[in-house]
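Notes for the structure review
Chain by chain, the residues:
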Amino acid sequence: TPAGDAPAPEGFWRKLFRPRVKTFDAIGPFYERLYRRAGWILFTKPAMIAIAALGALGLCVFAYLIAGRYGTPFVVASKIGLGGLVFLAGRFIVVAIHETAHALAMASFGRKVERAGVKLLFIFPYAFVDTSEAWFEPRRRRIAISAAGPASDFAIGALFSICCLLLPDGTVRDIFFNLAFAAYVGAFFNLNPFIDRDGYQILVDVLKEPGLRRRAKAQFARRISGKGAEAGDSPVLARYSIFGLAWSFLAAFFAIGLTLR
C-alpha cells in the first residue's frame, strides 16, 4: 500500500475464511506434569504393543462396520445436521488428543512444548502444539514424535469403533460411528505424505530427503515439460511423484466406495 494510504477493507468472505488463532505460551509445564504423573506409561514397551494391537483391531472393526452398514457418515438419528455436529465435535476431541500425544512424546525425550493453541478455520476448530524442539533430536526420535499423533488417532478410532459394534441400533451407536469416522479421517489426513503433516515429516526423515515435496514437484514438472535431467534429480523423487498420483486415485476410489456403501 502506498505510504499514507489506509489498507483496503477486508471483504466478508476473506474475513470468514481467515484463520483465527489463540495461543497459550509456556504450556510446557502442564505436559511435563501430565507425562510424569501418568503419560510415561504410554511409552513403555507393553503399552506401545497394546496400542499397536488396538489400532490394527480397530481398522478391522471399522471395515466390518462399513461393510455391514452399521452407520452413515454425518448422520445421527436420521439427521444430517446432528451428524455433522457430532463429527465436528469428534474431530476437535481427536485433534486435542492427537496434539497431546505429540507433546507427551516430546516430554518423553526431555523436550518442552513452549507454545500451544486453538485455531478456528471457518467453523472447523483445530488444536496445535509447537514441536519445533524436535529438530534438535536424532532422526529416529523425530520420527517417533511425528508418529505419536497418528497412533493416537488410530487408537481412539478403534475404541469408538468397538463401542459402535457392541451397542444396539440407535442414536448412541450412530454417535460412536461418526466419532470413529472422525478419528479415521484425521488419521489418514495426518498420514498423507503429500501435504505438510505427520506422514510427510516421517517420510522426509525415513528417506533422508529434506525439501522432498518441493524438489519432487520441480523434478516432475521438468520431466513432463520435456526438459532434460539436472544434477539434483533423484529416482527417489520420481518414485515419490508417481506414488503421489497413485495415492490421489486411491483416495478418490475410497471416497466413492464409501459413498456407495
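Attention here is on the structure that accompanies the text. Predicted, not measured: the structure shown is a model, and the values here were computed from it. (Residues numbered from 1 in each chain as written. Predicted model: local features only at pLDDT ≥ 70, side-chain atom pairs only at ≥ 80, totals over all residues. Heavy atoms only, no water.)

So, about the packing of helix H3 (residues 45-67) against helix H6 (residues 171-191). Any two packed helices are characterised by the angle at which their axes cross and by the distance between the axes. With their axes 12 Å apart at the nearest point, H3 and H6 run at an angle of 120 degrees to one another. Between H3 and H6, the interaxial angle falls into the category oblique. Where H3 crosses over H6, the two elements pack in a sense that is left-handed. Contacts between H3 and H6 involve Gly58, Leu59, Phe62, Leu65 and Ile66 from the former and Phe177, Ala180, Phe181, Tyr184 and Phe188 from the latter. Considering only residue class, the contact of H3 with H6 consists of 9 nonpolar, 1 polar and no charged. (Axes fitted to C-alpha atoms, helices over the stretch in contact; angles between N-to-C directions. Helix = DSSP H or I, 4+ residues; strand = E, 2+ residues; numbered from the N terminus. Parallel < 35°, antiparallel > 145°, perpendicular 65-115°, else oblique. Left-handed = near helix turned anticlockwise from the far one by under 90°. Contact = heavy atoms within 4.5 Å. Nonpolar A, V, L, I, M, F, W, Y, C, P; charged D, E, K, R; others polar.)

At Ser78, a residue that is not glycine, the phi angle is positive and equals roughly 65 degrees. Of note, Ser78 is situated in the loop between H3 and helix H4 (80-108). For Lys208, which is not a glycine, the phi torsion comes out positive at approximately 60 degrees. As for its position among the elements, Lys208 is in the loop between helix H7 (198-207) and helix H8 (212-224). Note on Lys208: relative accessible area 57%, which makes it exposed. (Buried < 20%, exposed > 50% of the residue type's maximum accessible area, 1.4 Å probe, protein only.)

This part covers the side chain of Ser146. Note on placement: Ser146 falls in helix H5 (residues 139-166). Classification of Ser146 by relative accessible area gives buried; the value is 12%. Among all residues touching Ser146, those that are not within four sequence positions of it are His102, Asp198, Gln201 and Ile202.

What sets the pattern is the α-helix's 3.6 residues per turn: residues three or four places apart point alike. With 28 residues, H5 extends 41 Å between its outermost C-alpha atoms, agreeing within 8% with the 40 Å of an ideal straight helix rising 1.5 Å per residue. Ala148 marks the point of greatest bend in H5, at about 30 degrees, and the proline Pro150 comes within the next four residues. (Expected span 1.5 Å × (residues − 1). Bend = angle between axes of the 7 residues up to and from the residue.)

Judged by side-chain polarity, Phe220, Ile224, Leu245, Phe249, Phe253, Ile256 and Leu260 come together as a nonpolar surface patch covering roughly 800 Å² of accessible area. Top element by residues in the nonpolar patch is helix H9 (residues 235-260). It accounts for 5 residues. Inspection of the secondary structure puts Phe220 in helix H8. (Patch = residues over 30% accessible without salt bridge, like charges linked within 9 Å, V, L, I, M, F, W, Y side chains within 5 Å. Areas by Shrake-Rupley, 256 points an atom, 1.4 Å probe, with all protein chains shown as cover. Salt bridge = Lys/Arg side-chain N within 4 Å of Asp/Glu carboxyl O.)

This brings us to the packing of aromatic side chains. Counted according to the given criterion, the structure contains 12 aromatic pairs. On the basis of an interplanar angle of 55 degrees and a centroid distance of 6.0 Å, the ring pair of Tyr35 and Phe43 is categorised as tilted. Residue Phe43 is classed as partly exposed on the basis of its relative accessible area, which comes to 27%. Aromatic side chains Phe154 and Tyr184 sit 6.1 Å apart centroid to centroid with 55 degrees between the ring planes, which places their arrangement in the tilted category. (Phe/Tyr/Trp six-rings, centres within 6.5 Å; stacked < 30°, edge-to-face > 60°.)

A separate point is the side chain of Arg173. Mapped onto the secondary structure, Arg173 falls in helix H6. We classify Arg173 as buried; its relative accessible area is 8%. The residues contacting Arg173, other than those within four sequence positions of it, are Tyr70, Cys164, Leu165, Leu167 and Pro168.

Scanning the entire structure with this criterion turns up 6 salt bridges. Ionic pairing is found between Glu137 and Arg111, a salt bridge with its closest N-O pair at 2.6 Å. Of this pair, Glu137 sits in the loop between strand E3 (124-129) and H5 while Arg111 is found in the loop between H4 and strand E2 (115-121), placing the two residues 26 residues apart along the sequence. The exposure class assigned to Glu137 is buried, which follows from its relative accessible area of 8%. Residue class for Arg111 comes out partly exposed when judged on its relative accessible area of 24%. Several salt bridges converge on common partners, so that one network encompasses Arg111, Glu133, Glu137 and Arg141.

Glancing now at the nonpolar core. Of all hydrophobic cores here, the largest spans 21 residues; its most connected members are Phe62, Leu65, Phe160, Phe177 and Tyr184. Counting only elements with at least two residues in this core, the list comes to H3, H4, H5 and H6. With 8 residues, H6 is the largest single contributor of residues to this core. Each residue touching Leu65, except ones within four places of it in the same chain, is listed here: Tyr70, Ser161, Cys164, Leu165 and Phe177. Residues Ile27, Met106, Ala134 and Ile145 belong to the second largest nonpolar core, which totals 12 residues. (Core = buried A, V, L, I, M, F, W, Y, C linked by side-chain atoms within 4.5 Å.)

Any link to function would need more than the numbers given here.
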